[in-house]
Amino acid sequence: MKIIAIGRNYAKHIEELENERPEQPVVFLKPDTAIIKNNLPFYLPEFSNDVHHEVELVLKINKEGKFIKKEFAHRYFGEIGIGIDFTARDVQQRCKEKGLPWEIAKAFNGSAPIGGFLPVSDFKDFADINFHLDINGKLKQKGNTSTMLFDFGVIIEYVSQFFTLKKGDLIFTGTPAGVGKVTAGDRLEAYIEDQKLMDFEIK
């Protein structure tokens, strides 16, 4: 399986990082070695002193497809979950300054913890899904899919032009504003609506 991730998909997050607003989805990949399941802890990597949390809704692909039109995109995912796109911000910045790819800042081991998934039948409207991240009991990030630049359908239509989607693939759909540094001892809890789907520690 593969992890396809979308960057710069919430306007306020773009503003907080002073990035350029994209005309098309910004896409990068993570390997399966980035995944952490079952609320196991995330260990801070030695190569970074500035790892940031980015909470995101995650689509789980349920059948193979390519060149998918957005109006049929809903047929290709059966569950929606939540995950964290951990980013080594200092490493990413050094790569950007040199005009280099920044995969090592996004795709390192353990950089994509995922929580539980909910069936799509639980959602009345994909354009109105609330999700949030608490750290040490305090709200740090809060998002709603209505504020996405590119909705689920557009994302699937776009990425499926380049990558054949296969059953079990995961699509991280972008993070809202409020990203910040995590430190050893932090406890992260992530929710879709009022349902807690992740609860793990930083070590």
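Residues numbered from 1 in each chain as written. Predicted model: local features only at pLDDT ≥ 70, side-chain atom pairs only at ≥ 80, totals over all residues. Heavy atoms only, no water.

Undergrad: Help me understand the packing of aromatic side chains, please; the structure alone is not making it clear to me.
TA: Each aromatic ring pair is characterised by the separation of its centres together with the angle its planes make. Applying the stated criterion across every chain, the model contains 10 aromatic pairs. Taking 5.3 Å as the distance between ring centres and 45° as the angle between the ring planes, the aromatic pair formed by Phe 77 and Phe 126 counts as tilted. With Phe 77 in strand E6 (residues 77-84) and Phe 126 in the loop between strand E8 (112-119) and strand E9 (130-135), this residue pair connects regions lying 49 residues apart in the sequence. Here a set of aromatic residues connected by ring pairs shows up, and it is made of Phe 42, Phe 47, Phe 86, Phe 108 and Phe 200. Here the guanidinium or amino end of Lys 60 rests over the ring plane of Phe 117, the centre of that ring lying 4.3 Å away. (Phe/Tyr/Trp six-rings, centres within 6.5 Å; stacked < 30°, edge-to-face > 60°. Helix = DSSP H or I, 4+ residues; strand = E, 2+ residues; numbered from the N terminus. Lys NZ or Arg CZ within 6 Å of the ring centre and 35° of its normal.)

Undergrad: What exactly am I supposed to notice about the pattern of salt bridges here?
TA: When charged atoms on two side chains of opposite charge get close, those side chains can pair. Applying the stated criterion across every chain yields a total of 10 salt bridges. Residue Asp 169 pairs with Lys 2 through a salt bridge whose shortest N-O separation is 2.6 Å. With a gap of 167 residues between them, Asp 169 in the loop between helix H4 (152-159) and strand E11 (170-172) and Lys 2 in the segment before strand E1 (3-7) connect regions that are remote in the sequence. Judged by relative accessible area, Asp 169 falls into the buried class, the value being 2%. According to the relative accessible area criterion, Lys 2 is partly exposed, its value standing at 22%. For Glu 54, the salt bridge goes to Lys 106, with nearest N and O atoms at 3.3 Å. Taken together, the residues span a long stretch of sequence, with Glu 54 in the loop between strand E4 (51-53) and strand E5 (55-61) and Lys 106 in helix H3 (residues 103-106) at a distance of 52 residues. Of the two residues examined, Glu 54 and Lys 106, each falls in the buried class. (Salt bridge = Lys/Arg side-chain N within 4 Å of Asp/Glu carboxyl O. Buried < 20%, exposed > 50% of the residue type's maximum accessible area, 1.4 Å probe, protein only.)

By themselves, these are just geometric observations and shouldn't be taken as functional.
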